[in-house]
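Given next are the chains, with one letter for each unit.
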Amino acid sequence: MKIKGPIVFLSHLVATYFVVASAGNFYQDFEITWGDSRAKILENGQSLSLTLDKASGSGFRSKNEYLFGKIDMQLKLVAGNSAGTVTAYYLSSLGSTHDEIDFEFLGNLSGDPYILHTNVFTQGKGNREQQFYLWFDPTKDFHTYSLLWNPQSIIFSVDGTPIREFKNLESKGVDYPKNQAMRIYSSLWDAENWATRGGLVKTDWAQAPFTATYRNFNAQACVWTSSGTSCSSNKSPSSSSSQSWLRESLDSNGIAKIHWAQKNYMIYNYCTDTKRFPQGPPVECIA
Ligand SMILES: *[C@@H]1O[C@H](CO)[C@@H](O)[C@H](O)[C@H]1NC(C)=O
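Residues numbered from 1 in each chain as written. Predicted model: local features only at pLDDT ≥ 70, side-chain atom pairs only at ≥ 80, totals over all residues.

Chemist: Got a minute to help me understand the site of the ligand in this structure?
Modeler: Neighbouring residues of the ligand: Leu106, Asn108, Asp112, Pro113, Ile115, Ala195, Thr196 and Arg197. Here the shell around the ligand is built from residues that sort into four nonpolar, two polar and two charged. (Near = placed C-beta within 6 Å. Nonpolar A, V, L, I, M, F, W, Y, C, P; charged D, E, K, R; others polar.)

Chemist: Got a minute to help me understand the environment of Ser244 in this structure?
Modeler: Its location among the elements puts Ser244 in the loop between β16 (231–232) and α3 (252–265). Judged by local crowding, Ser244 falls into the exposed class, with 11 C-beta atoms found within 10 Å. Separated by 24 residues in sequence, Ser244 and Gln220 place their C-alpha atoms 9.9 Å apart. (Helix = DSSP H or I, 4+ residues; strand = E, 2+ residues; numbered from the N terminus. Buried ≥ 20, exposed ≤ 12 C-beta atoms within 10 Å, placed from the backbone.)

Chemist: Hey, could you run me through the nonpolar core in this one?
Modeler: Side chains that are nonpolar tend, in soluble globular proteins, to be buried together. With 53 residues, the main nonpolar core has Tyr66, Leu147 and Ile154 as its most contacted residues. The element best represented in this core is strand β15 (residues 210–224), accounting for nine residues. Non-local contacts of Ile154, meaning those with residues more than four positions away in its chain, are made with Ile101, Val120, Leu147, Leu148, Trp149, Glu165 and Phe166. (Core = buried A, V, L, I, M, F, W, Y, C linked by C-beta atoms within 7 Å. Contact = placed C-beta atoms within 7 Å.)

Chemist: What should I look at first to understand the sheet that holds strand β17 (residues 266–269) in this one?
Modeler: Backbone-to-backbone hydrogen bonds join strands into a sheet, with any given pair of strands oriented parallel or antiparallel. Taken in spatial order, the eight strands line up as β2-β5-β14-β7-β8-β9-β10-β17 in an open sheet, and their pairing is antiparallel. Here the strands that pair on one side only, and so sit at the sheet edges, are β2 (30–34) and β17. Here the strands of the sheet are splayed against their neighbours by 15° on average, with no regard to which way each runs. For strand β7 (residues 85–92) and strand β14 (residues 183–190), the ladder comprises eight bridges, and the chain directions are antiparallel. If you follow Leu91 over to β14, its bridge partner there is Ile184. (Pairing = 2+ DSSP bridges. Axes fitted to C-alpha atoms, helices over the stretch in contact; angles between N-to-C directions.)

Chemist: Is there a simple way to think about the environment of Ser186 in this case?
Modeler: Mapped onto the fold, Ser186 is located in strand β14. When the 23 C-beta atoms within 10 Å are taken as the criterion, Ser186 is described as buried. Sequence separation between Ser186 and Thr87 is 99 residues, and the spatial gap between their C-alpha atoms is 7.2 Å. Beyond its immediate stretch of four places on either side in the chain, Ser186 contacts Leu50, Gly59, Phe60, Ala88 and Tyr89.

Right under this line is the structure:
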């Protein structure tokens, strides 16, 4: 039954697939999970802010669990001296064999560049880090960070520019996240032991509280229900055209953009880390 589940689901998916198109209200879509009043929903639900001080960070998560989606969020990161701070924004399921798709923003001294750290976990296994500098100052304005997660691939985008793709390579024996529903999580926390220059630069608590702000959450996504066997919507089924994200893949323009981002802004790629993988890179890097 466990093995059959996904197959049953996929056939159901073809027959009646309802998606939620949600132009978000933070009260409706999210709940604060830790940090007490350090996390705040503002402007009647139009924005949310997280803060970090010496005593604690803060975080929130989506009320819904999703199985596939195209999810956009705008973030404005901790400004000024953000060294030692990490703003994590990710999708994750639960348990030791969980799936996870990560954006993590590693802060820096004023004027020095943030690192955008990305990773993909499947069946509890990560070790797929890629890191980038950004082509703008992510603390001055809001920028859109998007995850497209469908049965064929996962695409990370920044302001609509794809920077990373993780393809479904199950045919080559690589696990792919497709059976475990995930929530959206975000948190702002202290990681001075590793975040900035590998931990050399510590958090300056004289600058606290540190604040990151969120707005314009937008999800075209499949909401997973407690029965776990069907994918239904709490809104009316959307028109067939708006479900195109389920089959979306990178076109030649998207591939060119990924090459641009990787050529000019990628600072770490596990695929080329021969020290770490002396036996040769993981399968998904060469497939
Ligand atoms: C911080 O700035 C330094 C110096 O430019 C750079 O080497 C480092 O990659 C930057 N980012 C982080 C998170 O350490």
